[in-house]
Amino acid sequence: MSPSSTPSSPAKPTKRVNPTKPAIPANPAKPTKGGTGIAGGGALWHGRFSAPPAQELMEFTESLTFDRALALEDIRGSRVHAAGLGRVGLLSPEDVEAIHEALDVVQTEMAQGTFAFHGSDEDVHTAVERRVTQLAGEAGARLHTGRSRNDQVATDVRLYAKRHLIELAHRVHKLRETLLAKAVDSGQVYLPGYTHMQRAQPVLLAHHLMAHGWALGRDQHRLLDCLRRMDVSPLGAGALAGTSLPIDPDWVAAELGFARRFDNSLDAVSDRDYVAEALFIISLLGVHLSRMGEEIVLWATEEFGFVKLPDAYSTGSSMMPQKKNPDIAELSRGKAGRLIGNLTGFLATLKSLPLAYNRDLQEDKEPLFDSIVQIKRALSAMTGMYANLQFDAQRMQAAADQPFVAATDLAEYLVTKGMPFREAHAVVGELVRSALDRRLDFAELVENHPALGPTAVKLLGEGVAVSRRTSPGGGGPGPVASQIVSYAEQLEADRKRLPVV
Ligand code: ARG
């Protein structure tokens, strides 16, 4: 330890907080030599430099064009930071008040869209601090005491991610409710279940819809898990190593609504795991929506005809008057690519970054903001579309009553008569082949088969095969009824666990 690292106390303020020697000029009209000062629109680091930032540097490195989305979080973080400095005596109560009043003005200006950004505002943090310093004078110039933009931006992005992931969890929940309602509405309607996109075995439509519901339930749980892990305040980590000033990061963490503060300042300013995690969760959610979307695209074709698209959730063609297009479903499918791109792009940014903060980390924002905006819109649009879909029970059931769909049931019938399953599989397989090759009626072949006969042929009757999917978690009426009960229970439990927005 160097001798200069003795801890300071609120009673003995360091040079940096000495009221007679402000580090940043309080009066915007009187810039210090070598820089214009933040309140006058200069760079935050003006003291060390003899030339102002080049235009190209600003154009390339600025983040204001996108990080102004963090304005609310930045104001909140600054408010709590100032209060924290006041609590430990690093700011006088008057200074804290002046800063808070200035932040109120900034917040109003931001909300009303009247905040005047300057060409020299590199990012939202600079803009807010500049304006606070303009409004609060010397008090504003003390705001950044014991703080770096590195812990500041890390705090802002966490607060932003927390707020939006909570909102996302609510939207996922809504779509789950819609799916459950549609499943309940669909009653005993059944359709063919598919493997390899070939008709396989019949299942209840409710079963099919709930399959998406369970996947979305996992997405919702993943969002909550991620929220729990990211609930750590980085504020107080400083640029990378903490500070010599007697700040209280535990207090600011609690005030900002975080579960706790960071343990390691290097990690605190360089950790973007939660951004990568959020991007993954959103990507997977997007993948789930893309599968649901693809299904609606297929089902809405004349070839399938399983579903009628609601007019308000479909689009027309500029040229072909007869067209009704499933654009929501298609874009849910298409946007997944972009969400995955945001994830993989950001992982590539993180890869090999040395500790601690590097400017590369500024690249966390655009993918995060974009993925959040896109997935929210997709969730709302899909929820609206799903709520208004009309399923064509007749078309679905006719497709499911095609006799080969009951082939497994015939094999299982033979199993109940004592035949080993492999043998039974071959017997029925041969009948299917004969029916296809020799263009014979499958039901007749079944009826005339010595091991099958008239009892077995009843399995080919309308809706019979689906009623025989009786095993737990299976696609027939019995298990689906209990599945709906347990899904509704989980949905209710998950609703109670949703954090307030
Ligand atoms: N705009 C920057 C970002 O998003 C803020 C942090 C800047 N820190 C720095 N040391 N230059 O990461």
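Structure: above.
Residues numbered from 1 in each chain as written. Predicted model: local features only at pLDDT ≥ 70, side-chain atom pairs only at ≥ 80, totals over all residues. Heavy atoms only, no water.

Details of the packing of helix α7 (residues 149–185) against helix α20 (residues 477–497)
Okay, step 1: Where α7 contacts α20, the axes come no closer than 11 Å and their chain directions differ by 160 degrees. Considering their axes alone, α7 and α20 lie roughly antiparallel with respect to each other. With respect to the hand of their crossing, α7 and α20 are arranged in left-handed fashion. Within the contact between the two elements, α7 uses His173, Arg176, Glu177, Leu180 and Val184 and α20 uses Ile484, Tyr487, Ala488, Gln490, Leu491, Asp494 and Arg495. (Axes fitted to C-alpha atoms, helices over the stretch in contact; angles between N-to-C directions. Helix = DSSP H or I, 4+ residues; strand = E, 2+ residues; numbered from the N terminus. Parallel < 35°, antiparallel > 145°, perpendicular 65-115°, else oblique. Left-handed = near helix turned anticlockwise from the far one by under 90°. Contact = heavy atoms within 4.5 Å.)

Examining the nonpolar core
Okay, step 1: Among the nonpolar cores identified, the biggest contains 93 residues, and Leu368 and Tyr386 are the most heavily contacted of them.
Okay, step 2: With sequence-adjacent residues up to four places away left out, tyrosine 386 is seen in contact with Thr178, Leu179, Lys182, Leu209, His212, Met292, Glu295 and Ile296.
Okay, step 3: If you look at the next biggest cluster of nonpolar residues, it comprises 22 residues, including Tyr413, Val427, Ala456 and Ala465. (Core = buried A, V, L, I, M, F, W, Y, C linked by side-chain atoms within 4.5 Å. Buried < 20%, exposed > 50% of the residue type's maximum accessible area, 1.4 Å probe, protein only.)

Points about the packing of aromatic side chains
Okay, step 1: Across all of its chains, the model carries eight aromatic pairs by this definition.
Okay, step 2: Each ring, one from tyrosine 160 and one from phenylalanine 369, has its centre 4.6 Å from the other, and the planes form 45 degrees; the classification is tilted. Of this pair, tyrosine 160 sits in helix α7 while phenylalanine 369 sits in helix α13 (residues 365–387); the two residues are 209 residues apart in sequence, bridging distant segments of the chain.
Okay, step 3: In this structure tyrosine 160 comes out as buried when scored by relative accessible area, which is 5%.
Okay, step 4: Note on phenylalanine 369: relative accessible area 8%, which makes it buried.
Okay, step 5: Pairing tryptophan 299 with phenylalanine 391 gives two aromatic rings, centres 6.3 Å apart and planes at 75 degrees, and the pair type is edge-to-face. Pair noted here: tryptophan 299 is in helix α11 (residues 273–299) and phenylalanine 391 is in strand β6 (residues 390–391), with a separation of 92 residues, a long-range link.
Okay, step 6: Overall, the relative accessible area of 4% leaves tryptophan 299 in the buried class.
Okay, step 7: What makes phenylalanine 391 partly exposed here is its relative accessible area of 21%. (Phe/Tyr/Trp six-rings, centres within 6.5 Å; stacked < 30°, edge-to-face > 60°.)

Description of α13
Okay, step 1: Under the 1.5 Å per step criterion, the end-to-end length of α13 is 33 Å for 23 residues, consistent within 8% with the ideal 33 Å.
Okay, step 2: With 17 of its 23 residues buried, α13 lies for the most part within the structure. (Expected span 1.5 Å × (residues − 1).)

Looking at the pairing of strand β1 (residues 190–195)
Okay, step 1: Note: β1 against strand β2 (residues 198–204), six bridges, orientation antiparallel. Following the sheet pairing, threonine 195 is matched in β2 by glutamine 198. (Pairing = 2+ DSSP bridges.)

What to know about the packing of helix α8 (residues 205–229) against α20
Okay, step 1: Running from N to C, α8 and α20 cross one another at 25 degrees; their axes reach a closest spacing of 11 Å. Taken as axis vectors, α8 and α20 run roughly parallel relative to one another. Seen along the crossing, α8 lies across α20 with a hand that is left-handed. Contacts from Ala206, His207, Met210, Gly213, Trp214, Gln220, His221 and Leu224 of α8 reach α20 at Val480, Gln483, Ile484, Ser486, Tyr487, Gln490, Asp494 and Arg497.
Okay, step 2: Its residues assigned to classes, the contact of α8 with α20 shows seven nonpolar, seven polar and two charged. (Nonpolar A, V, L, I, M, F, W, Y, C, P; charged D, E, K, R; others polar.)

Examining the site of the ligand
Okay, step 1: As a structural note, the neighbourhood of the ligand is formed by Ser63, Asp123, His125, Arg149, Asn150, Val153, Tyr357, Gln362 and Lys365.
Okay, step 2: In the environment of the ligand, an oxygen atom lies 2.4 Å from a nitrogen or oxygen atom belonging to the side chain of tyrosine 357.
Okay, step 3: At 2.8 Å, a side-chain N or O of glutamine 362 approaches a nitrogen atom of the ligand.
Okay, step 4: The element best represented in the shell around the ligand is α7, accounting for three residues.
Okay, step 5: The class makeup of the residues in the shell around the ligand is two nonpolar, four polar and three charged. (Near = heavy atom within 4 Å. Polar contact = N/O pair within 3.5 Å; in protein donor to acceptor, adjacent residues only side chain to side chain.)

On their own, these measurements won't tell you what the molecule is for.
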